[in-house]
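# Notes for the structure review
Next come the chains, spelled out residue by residue.
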Amino acid sequence: MSNKYSYSGFFWKIVITLTGLLVVVGFAYVFITVNLAEMYVQERNQRLNADIAEHIISEVKPYVGGKLDTTATDEIMHHMMAINPSIEVYILDAAGKILNYVAPYKKVKLEEVDLAPVREFIASKGQQYVVGDDPRNPGKKKVFSAGSIVEEGQTIAYIYVILASEEYESASESVLNSYIFKLGGRAMLIALLSALALGILAIWLITRNLNRIIATVKRFQNGEMSTRIPVKEGGGINDLALAFNEMADTIVGNIENLKSMENLRRELVGNVSHDLRTPLAVIQGYIETLMMKHHQLSEVEREKYLKITLESTQKLKKLVEELFELSKLEARQVKPKKEPFFIQELISDMCQKFELLARQKNITLKSATTPNKSLVYADVSLIERVLQNLVDNALKFTPENGQIIVEIDNTDQYVEIKVSDNGPGIPKDQIPFIFDRYHIGDKRISLDNNNTGLGLAIVKKILEIHNATIELSSKLNQGTTFSFQLPQYENA
Ligand SMILES: Nc1ncnc2c1ncn2[C@@H]1O[C@H](COP(=O)(O)OP(=O)(O)OP(=O)(O)O)[C@@H](O)[C@H]1O
Ligand SMILES: [Mg+2]
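All figures in this text were calculated on a predicted structure; none of them were measured in a lab. Numbering of residues begins from 1 in every chain and follows the order in which that chain's sequence is written. Each chain takes a letter, starting from A, and each ligand takes a number, starting from 1, following the order in which they are written. Note on the predicted model: pLDDT of at least 70 is required for a residue's local features to be given, and 80 or more for side-chain atom pairs to be given and counted; whole-chain, interface and lining totals, by contrast, use all residues. Side-chain calculation: all heavy atoms of the structure are included, whereas hydrogens and water are not.

### Concerning the site of ligand 1
Lining the immediate environment of ligand 1, one finds 22 residues, of which Lys318, Asn393, Lys396, Thr452 and Leu456 sit closest. Polar contact criterion, stated in full: a pair of N or O atoms within 3.5 Å, where within protein one must be able to donate a hydrogen and the other to accept it, and residues adjacent in sequence count only if both atoms are side-chain atoms. Measuring from an oxygen atom of ligand 1, one finds a side-chain N or O atom of Lys318 at 2.6 Å. Within the backbone of Gly453, a nitrogen or oxygen atom sits 3.0 Å from an oxygen atom of ligand 1. When isolated, ligand 1 has an accessible area of 600 Å², and the protein chains bury 96% of it. For this description, a residue counts as near a given molecule or strand if any of its non-hydrogen atoms is within 4 Å of it. We get accessible surface area from the Shrake-Rupley algorithm with a probe of 1.4 Å; when it comes to residues, only the shown protein chains can shield them.

### Section: the domain arrangement of the protein
When cut into domains, the protein gives domain 1 (50-162), domain 2 (239-328) and domain 3 (336-491). Centre-to-centre separation of domain 1 and domain 3, based on C-alpha positions: 119 Å. Each domain's extent is set by a domain assignment, obtained either automatically or from a database.

### A closer look at the side chain of Asn245
Relative to the assigned elements, Asn245 resides in helix α7 (residues 238-292). For Asn245, a relative accessible area of 11% translates into the label buried. Excluding its chain neighbours within four sequence positions, the residues that come into contact with Asn245 are Arg228, Ile229 and Val231. Strands are runs of DSSP state E lasting at least two residues, helices are runs of H or I lasting at least four, and both sets are numbered from the N terminus onward. Three labels apply to residues, based on accessible area from a 1.4 Å probe with only protein chains included: buried if under 20% of the type maximum, exposed if over 50%, partly exposed otherwise in between. Contact definition: two residues touch when any of their heavy atoms are within 4.5 Å.

### A few points about the sheet that holds strand β12 (residues 414-421)
Taken together, 5 strands build an open sheet; the order of strands is β9-β11-β12-β14-β13 and the sheet is mixed. For this open sheet the edge positions go to β9 (364-368) and β13 (470-475), each flanked by a neighbour on one side alone. Averaged over all pairs of adjacent strands, the angle between strand axes in this sheet comes to 15°, irrespective of strand direction. Only strands joined by at least two bridges in the DSSP assignment are considered to pair. Summarising the sheet, β13 and strand β14 (residues 479-487) pair through 6 bridges and their orientation is antiparallel. Bridge pairing in β14 links Ser473 to Thr481. Only C-alpha atoms enter the line fits that serve as axes; for helices the fit covers just the stretch in contact. Angles between N-to-C directions range over 0 to 180 degrees. Sheet contacts for helix α9 (residues 343-360): β9, β11 (403-410), β12 and β14; angle to β9, the most-contacted strand, approximately 175°.

### Side note on the sheet that holds strand β5 (residues 131-134)
Sheet architecture is open: 5 strands sit in the order β4-β3-β7-β6-β5, paired in antiparallel fashion. The outermost strands of the open sheet, each flanked by one partner alone, are β4 (98-102) and β5. Across the sheet, the axes of successive neighbouring strands diverge by a mean angle of 40°, strand direction being ignored. This element, helix α2 (residues 52-60), spans β3 (88-93), β6 (137-151) and β7 (154-162) of the sheet and lies at about 45° to β6. Its contacts with the sheet place helix α4 (residues 116-123) against β5, β6 and β7, and it is angled at close to 55° to β6.

In structure tokens form, the structure reads like this:
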């Protein structure tokens, strides 16, 4: 058996995926935190020192009469740097060119500074976080403070102060080395590890049933059809187990259905061949006699034998037809084609058909009906077969001058149909077997009447597939009543 359904492989795949996700989240968190923290420090630095450039302008007055006064400015600016050694001060002209700077022992590489961030800073009055060029590190951006020197309404120069010089940056502790950050990092690591542990536990809890499910599915696959997944209260994947169990039930049910159909069919074939053998043997016997003793037989005898052969053939024909009908009903191959119809009309048609036969026996055949017409919901031709068999029996077994009544009774939801006669009745001990196949009550009558004993079996089956039952009440020497109910169309 292939290993591709292995549970542990599946479990580890989920665990590895979860671990990977947590590592990615951890790194993303550290990256974002470091950057945000550094930006925060810078922004705070800028806000705290936003006024520094304006302060220099008002204190130092680097321009005297529109001219740069280098000696005075140098000195004072040196003082300022002595107080705050992290700053570097630049004097820019109106186009951003560096005119003078105070940054001792340092190499200034840029000749001019981009003025756009400078103007933005001045316009926001130092309230916005802006980074600008670092003249000592081309390409690198730093926070700054700036102010403009205005004479006669014209900006003639800028004071540009880099707030976080290189010395300041290396001296101030990097976020990564900060005590707080290390503490946070440790907490973060603990949080991630606990999340991982909890995650693995959760995955294990949810998926541990998989082992059971996979084992059961494999057993089922190997033909152990009765195996089912035990379903525990609150199990992680109960729905899957339930769905599998239901599916297994359906499959087993279908297989059993097929088996029982197959058995039924086999039984029927057996029965049919057995039932046909007897009349066939009779026919064969008479024909053989006729052939062998052709000359010894009198004309009368020959007539008689031929008549018996003909009768046997007719019986065989009827038997084959009825057996075929019953077989189909029993194999559930006949599905009633239900439709609404007036039961009264069907009954009066039926009575008309049997009228001639009734008259021959001098029997009154009446159909007593209710005044309101009832629509029933059933298969017309099958119900016709039922009525036909019942009326046929009544006519057959009721002696001359008898009476047969077909009645309809309406109840709330059903229409009851009754076929009564005042014939010989059925003995009590016969009643339980009357609907069995081949049950023929009175052998003397049946022999004369070419009976097969299948009529009532067919009636019962037809009503069965209509979800109806046939009732029988009979009194010896008084008569018999067969009745059944069909649903009214409105209630069907
Ligand atoms: N109305 C009735 N009165 C008296 N006996 C009846 C009546 N209906 C049925 N029976 C008894 O029930 C038996 C079974 O009836 P069923 O209709 O199954 O077979 P059948 O009439 O003998 O043969 P088939 O209907 O196949 O020609 C009958 O042989 C008869 O003895
Ligand atoms: Mg009959």
